[in-house]
Amino acid sequence: MAVLVTGGAGYIGSHTVAELIDKNEEVIVVDNLEKGHREAVIGGKLIVGDLRDSEFIKDVFNKNSIEAVIHFAAYIEVGESVGNPLKYYNNNVIATLNLLTAMKEAGVNKIVFSSTAATYGEPENIPILETDKTLPTNPYGETKLTVEKALNWCDKAYGTKYAVLRYFNACGAHKSGKIGEDHNPESHLIPLIIQVAMGKRDYISIFGNDYNTPDGTCVRDYIHVSDLAQAHCLALEKLRRGNDSQTYNLGNGKGFSVREVIDVVRKVTGCKIEAVDAPRRPGDPAVLVASSEKIKNELGWAPEAADLEMIVESAWNWHKQHPKGYSK
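Note that this is a predicted model, so its numbers are computed, not measured.

Novice: Give a detailed account of unusual backbone geometry, specifying residues and quantitative values.
Specialist: Cis peptide bonds are those with omega within 30 degrees of zero, and the linkage from Ile 126 to Pro 127 qualifies with 0 degrees. With respect to the element layout, Pro 127 can be found in the loop between β5 (110–116) and α5 (139–158). Across the junction of Asn 184 and Pro 185, the peptide omega takes the value 0 degrees, indicating a cis bond. Take Pro 185: it is sitting in the loop between β7 (169–171) and α6 (189–197). With a phi angle near 65 degrees, Asn 24 is a residue other than glycine that sits in the positive phi range. The exposure class assigned to Asn 24 is exposed, which follows from its relative accessible area of 73%. In this structure, Leu 33 takes a positive phi of about 60 degrees despite not being glycine. Turning to its location among the elements, Leu 33 is positioned in the loop between β2 (26–31) and β3 (45–48). Classification of Leu 33 as partly exposed rests on a relative accessible area of 23%.

Next up, the structure:
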């Protein structure tokens, strides 16, 4: 039986597909290719379609033998979600309800859900614990939290077992150099800084320099994308063992400021990178750093690429080999 990976042509999804293929899993990828890339799917069966089309996703389950789902498909831009919340509710919530309905009708009761640290909003503790309050400061985080609540009720009503993975700043690229991060437009910090190093943009903007942090810039927890992929596989194995539904944080447990990340990219690339201060963006908390002790203790997960320099080196390697991303 197959594992269905929604959004498997996207950044984190494609790395998880690669991890599943390495483990000899049968994989079916569903992606509408709006944000994902066909070239990023290096194994399994790709079915192009949109989860917002309820009949499409029901057909996928009817025509394939699916055991479990790993669900990535979603819009992820915080700023855009603030300006266009309906777009995010339509894609992130309604599409997921279509998926859960199709799963229920097909008798599939295991799902690993890609959530986010944005569900916490302004954290009450650093590092953030899974038991902390969830008060999102933007529609993106709110849509992810809405899905988490739907999963909880589906578990109670239908026995749909889930693992929610709330992760922090995904970054880096696969060790093979075949897959990496390619968003259009790009919004993630490390590839944006690398674009400056490659001469694709003149400078990197620092959004806010007056936060209550050591250097005034936002602090984030950066985690290698392959470590995230490994965590999804461990969560899937947990569900296969018949364990109860759980929510886990995923991060390195250490935060780096925007200025610190820029300095590391300068060191790795050897390039002069100009940074320019800009106004704060709406919905950006000052500090987001995870406690990942729960997933380490319960699933035996541990990040293999915890060093920020290693993470940036893997990203730099991919971008040098793919200066135009996945475009030929």
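Don't stop here, the text continues.
Novice: So what's going on with the pairing of strand β6 (residues 161–167)? Residues and values would help.
Specialist: For β6, a buried count of six out of seven residues is recorded, marking the element as mostly surrounded by other parts of the structure. Where β5 and β6 come together, seven bridges link them in parallel fashion. Looking at β6, one finds that Thr 116 is bridged to Tyr 167. Handedness of the crossover joining β5 and β6 through α5 is recorded here as right-handed. Relative to strand β10 (residues 246–250), β6 is paired through five bridges, and the arrangement is parallel. Across the sheet, residue Ala 163 finds its bridge partner in β10, namely Gln 246.

Novice: How would you explain the packing of aromatic side chains if you had to name every residue and give the values?
Specialist: Under the defined criterion, the tally for this structure stands at two aromatic pairs. Residue placement shows Lys 104 over the ring face of Tyr 158; its charged tip is 5.1 Å from the ring centre.

Novice: So what's going on with helix α4 (residues 85–106)? Which residues, and what values?
Specialist: Turn by turn, an α-helix covers 3.6 residues, leaving residues three or four places apart pointing in a common direction. Along its 22 residues, α4 runs 31 Å from first to last C-alpha, staying within 8% of the 32 Å computed at 1.5 Å per residue. Among all positions of α4, only Tyr 88, Asn 91, Asn 92, Val 93, Ala 95, Thr 96, Asn 98, Leu 99, Leu 100, Ala 102 and Met 103 are buried. On the buried face of α4, the contacting elements are β1 (2–6), α2 (54–63), β4 (66–71), α3 (78–83), β5 and α5. Of the residues trailing α4, Gly 107 is marked for its positive phi of about 75 degrees.

What counts, and at which threshold
- Residues numbered from 1 in each chain as written.
- Predicted model: local features only at pLDDT ≥ 70, side-chain atom pairs only at ≥ 80, totals over all residues.
- Heavy atoms only, no water.
- Helix = DSSP H or I, 4+ residues; strand = E, 2+ residues; numbered from the N terminus.
- Buried < 20%, exposed > 50% of the residue type's maximum accessible area, 1.4 Å probe, protein only.
- Pairing = 2+ DSSP bridges.
- Right-handed = clockwise from strand over helix to strand, strands pointing away.
- Phe/Tyr/Trp six-rings, centres within 6.5 Å; stacked < 30°, edge-to-face > 60°.
- Lys NZ or Arg CZ within 6 Å of the ring centre and 35° of its normal.
- Expected span 1.5 Å × (residues − 1).
- Contact = heavy atoms within 4.5 Å.

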